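A structural walkthrough
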Amino acid sequence: MTDRTAGESYLGKGWGLLDWLTTTDHKRVAWLYLFTILGFFLIGGAAATLIRIELFTAKGDLVRPETYNRLFTLHGVIMVWFFLIPSIPNTLGNFLLPLMIGARDLAFPRLNLLSWYIFLFAGIWTFGALILGGVDTGWTFYTPLSSLSNSWVSIAAMGVFFAGFSTIASALNFVVTIHKLRCPGMTWFRMPIFVWTLYATSLVMLLATPVLAATLLLIVLERVLGLGVFDPAQGGDPILFQHLFWFYSHPAVYIMILPGMGVVSEILPCFAKRPLFGYRLVAYSSMGIATFSFLVWGHHMFVSGQSVYAGILFSFMSYCVAVPSAIKVFNWTFTLRNGYITFEAPMLYALGFLFLFGMGGLTGLMLAATAVDVHVTDTYFIVAHFHYIMVGGAVSAFMGGLHFWWPKMTGRMYPERLGQTAAMLSFIGFFLTFAPQFVLGYQGMPRRYYEYPSEFQTWHALSSAGAVVLAASYLMPLFYLTWSVFRGRRAGGNPWQATGLEWQTASPPPAHNFEEPPVCDQPPYAYPPPPVQPDGGQPDRGQP
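Since this is a predicted model, take the numbers as computed values, not measurements.

Some points on the packing of aromatic side chains
Counted under the stated rule, the structure contains 53 aromatic pairs. For the pair Phe40 and Phe82, a centre-to-centre distance of 5.5 Å together with 45° between the ring planes defines the contact as tilted. Of this pair, Phe40 sits in helix α2 (residues 26-55) while Phe82 is found in helix α3 (residues 65-101), placing the two residues 42 residues apart along the sequence. Exposure class is identical for Phe40 and Phe82. Each is buried. Summarising the aromatic geometry, the rings of Phe271 and Trp496 are spaced 5.2 Å apart at their centres and angled 65° between planes, so their arrangement reads as edge-to-face.

Have a look at this one:
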């Protein structure tokens, strides 16, 4: 890839509030998304903290049962729709996609800014509903409870409905950008895997989000106008809601995790100084996961009364979706083989992802077996499995990606020792928080109960103690990354000696990304073998 010089930084184009609120620069819009989702992350995290404090003792002695219901609903709704789904695509994806394919911006810069305004409005609207009166249905809005509940279901459902328009706008923008704005030489199989995963994720968003939007709108119409859609008392069918909800929400799992897989596919080759093993298979597997994700929604409904034959089919398809995921894991592992590995903070987060996502995937295979699934349905086993994928996987990847591209985004290095400490603490804290929940669930502890038999208290106390460590590990980067913006050591254009077009421009990049239109003339991940030292030892790669 050709090396290009850079002009004035995008950060030097004005710091007034109006400069930021009217910007159409994809890099600045990425920062707007980053600040917004971090605000929602703190809100959702605060709700989780209250939940774990309540569960530290067996007796319900902190909040009332109805308040507990509203707390876990707030946690789920905010974390799923206003943090996890937009976390990587709308922050790192927004910032990096044009840089990675050699474009000046996204295909529709104004639509990109509009999507942030819609997202912000939807988030404030939903949070208002959750605070003013609260919702007690859980993040799944299951009917007939959500049809009959006297909490603020309609307002919250409309907030998620509005957020869907932001998701669709971003996905459309990404798909058109990848098809139309790749630089000369950037063929499909020279694209970084992160771009492949953004493409696959965007297709899932475009096809699945309208189904969720229609479903939530039907709930609102049923509650407001009395249409009999899901409420049996009005001639509706609550199972229909589950089919529609999971037709979106299982692919939504891959909306959250696929971009994380892309991030890890960038980090592992860089810090192992090895080409990504089986690049084409990893790219194909991204599209395979996106395709299979639409065929497995019924495995959430093994106890809903669906037919035995449907259960067998969805069980089989759930095993099938594990194949492309396993291909990725095997290829990441072989990438590390014989690599010249160093353990900077992004690499520690990526290795944590590899282990925790692997655990989440293996327990997912257990849940694909109908007999096991029936035994642990609606227990803490499900909570643990879900969080191993969504937090151990997606959040670890988000944190790894944030540290990896932080020098590119700000032009400054973060303090490496603090980054490594935070990464290690997040792994320890996560394991201590959620591993006990597998035991709790298998022993029969139901989810969403605010008090429980005393024999479960030791496991719950361990889980709450782990949550403290996990929370500390997530708060640390807020401080040292902010410090680094003002006092951190200046980063060069390519502090990690990585491949990829985004590393061939200045840090931070100029307003239009590249001084001259770039040309891609190499395959991705073209890492040369490390030089052999006379004493046979490992060469000094130097500190960035």
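Remarks on the pattern of salt bridges
Side-chain pairs of opposite charge can arise whenever the charged atoms involved come near each other. This structure, assessed with the given rule, holds 2 salt bridges. Here Asp25 makes a salt bridge to Lys27, at a shortest N to O gap of 3.0 Å. With respect to class, Asp25 is no different from Lys27; both count as buried. Taking the shortest distance from any N to any O, the salt bridge between Arg64 and Glu66 comes out at 3.5 Å. According to the relative accessible area criterion, Arg64 is exposed, its value standing at 53%.

A closer look at the side chain of Asn94
Relative to the helices and strands, Asn94 is located in helix α3. Among the polar contacts listed, one links the side chain of Asn94 to the backbone oxygen of Asn90, at a separation of 3.3 Å. With near-sequence residues (within four places) excluded, Asn94 lies in contact with His26, Val29, Ala30, Tyr33, Pro89, Leu106, Asn112 and Phe174.

So, a nonpolar patch on the surface
Taken together, Phe121, Trp125, Ile131, Leu132, Trp152 and Ile155 make up a surface patch of nonpolar side chains, about 600 Å² in accessible area. A total of 4 residues in the nonpolar patch trace back to one element, the largest contributor, which is helix α4 (residues 109-132). Its place among the elements puts Phe121 in helix α4. Here Phe121 falls in the partly exposed class, since its relative accessible area comes to 43%.

Considerations on the layout of surface pockets
Vacant regions in the atomic arrangement are exposed by a probe of water-molecule size rolled over the atoms. For the second largest pocket, the calculated volume is near 630 Å³. Lining the second largest pocket are 31 residues; nearest its centre among them are Trp31, Phe35, Trp406, Thr482 and Val485.

Some points on the packing of α4 against helix α6 (residues 153-180)
Between α4 and α6, whose axes approach to 8 Å, the crossing angle comes to 165°. Relative to α6, α4 is oriented roughly antiparallel. Regarding α4 and α6, the two cross each other, and that crossing is left-handed. Across the interface between the two elements, Leu111, Asn112, Ser115, Ile118, Phe119, Phe121, Ala122, Trp125, Thr126 and Ala129 of α4 pack against Ile155, Ala156, Met158, Gly159, Val160, Phe162, Ala163, Phe165, Ser166, Ala169, Ser170 and Asn173 of α6. For the contact of α4 with α6, a count of residues per class yields 15 nonpolar, 7 polar and no charged.

A few points about the confidence of the model for the chain
In regions of low pLDDT, the predicted coordinates are not meant to be interpreted in detail. For the chain, per-residue confidence averages 91 on the pLDDT scale, and 96% of positions sit at 70 or higher. Of the regions scoring below 50 in pLDDT, residues 1-6 engages in 23 contacts with residues more than four places distant in sequence or in other chains.

Comments concerning the state of the cysteines
Per the counting criterion, the structure on display carries 0 disulfides. Cys183 takes part in no disulfide bond, and the closest cysteine sulfur to it belongs to Cys520, at a distance of 5.6 Å. Among the cysteines around Cys270, which has no disulfide bond, Cys520 carries the closest sulfur, lying 17 Å off. Residue classification places Cys270 among the buried positions, given a relative accessible area of 0%.

Side note on the UniProt feature "domain: Cytochrome oxidase subunit I profile" (unreviewed entry) in the chain
UniProt tags residues 20-521 as "domain: Cytochrome oxidase subunit I profile" (unreviewed entry). Along residues 20-521, the helical share is 71% and the strand share 0%, with 35 Å between the first and last C-alpha atoms.

Considering unusual backbone geometry
Between Thr143 and the following residue, Pro144, the backbone shows a cis peptide bond with an omega angle of 5°. Despite not being glycine, Gln497 shows a phi value in the positive range, around 55°. Along the polypeptide, Gln497 turns up in the segment after α15 (457-487). Gln497 sits in the partly exposed class, given a relative accessible area of 39%.

Comments concerning empty space enclosed by the protein
Across all of its chains, the model carries 6 cavities of 30 Å³ or more by this definition. Taken as a whole, the largest cavity holds about 130 Å³ of empty space. Forming the walls of the largest cavity are 15 residues, and the residues nearest its centre are Trp81, Ile85, Ala163, Gly164 and Thr167. Where the lining of the largest cavity is concerned, the elements lending two or more residues are α3, α6 and α7 (193-225). If you tally residues by element for the lining of the largest cavity, the top one is α6, at 5 residues. Grouping the constituent residues of the lining of the largest cavity by class yields 10 nonpolar, 5 polar and no charged. In this structure, the second largest cavity spans a volume of roughly 60 Å³. Surrounding the second largest cavity, 13 residues form its lining, Tyr349, Leu356, Ser396, Ser426 and Phe427 being those nearest its centre.

Reading the values: rules and limits
Residues numbered from 1 in each chain as written. Predicted model: local features only at pLDDT ≥ 70, side-chain atom pairs only at ≥ 80, totals over all residues. Heavy atoms only, no water. Phe/Tyr/Trp six-rings, centres within 6.5 Å; stacked < 30°, edge-to-face > 60°. Helix = DSSP H or I, 4+ residues; strand = E, 2+ residues; numbered from the N terminus. Buried < 20%, exposed > 50% of the residue type's maximum accessible area, 1.4 Å probe, protein only. Salt bridge = Lys/Arg side-chain N within 4 Å of Asp/Glu carboxyl O. Polar contact = N/O pair within 3.5 Å; in protein donor to acceptor, adjacent residues only side chain to side chain. Contact = heavy atoms within 4.5 Å. Patch = residues over 30% accessible without salt bridge, like charges linked within 9 Å, V, L, I, M, F, W, Y side chains within 5 Å. Areas by Shrake-Rupley, 256 points an atom, 1.4 Å probe, with all protein chains shown as cover. 1 Å grid on protein atoms, 1.4 Å probe; cavity = no way out; pocket = protein on both sides within 12 Å on 5 of 7 lines; lining within 4 Å. Points joined across faces, edges and corners; volume = space filled by probe spheres on them. Axes fitted to C-alpha atoms, helices over the stretch in contact; angles between N-to-C directions. Parallel < 35°, antiparallel > 145°, perpendicular 65-115°, else oblique. Left-handed = near helix turned anticlockwise from the far one by under 90°. Nonpolar A, V, L, I, M, F, W, Y, C, P; charged D, E, K, R; others polar. pLDDT = per-residue confidence, 0-100. Disulfide = S-S within 2.5 Å. UniProt positions renumbered as here; feature names shortened; annotations may be inferred.

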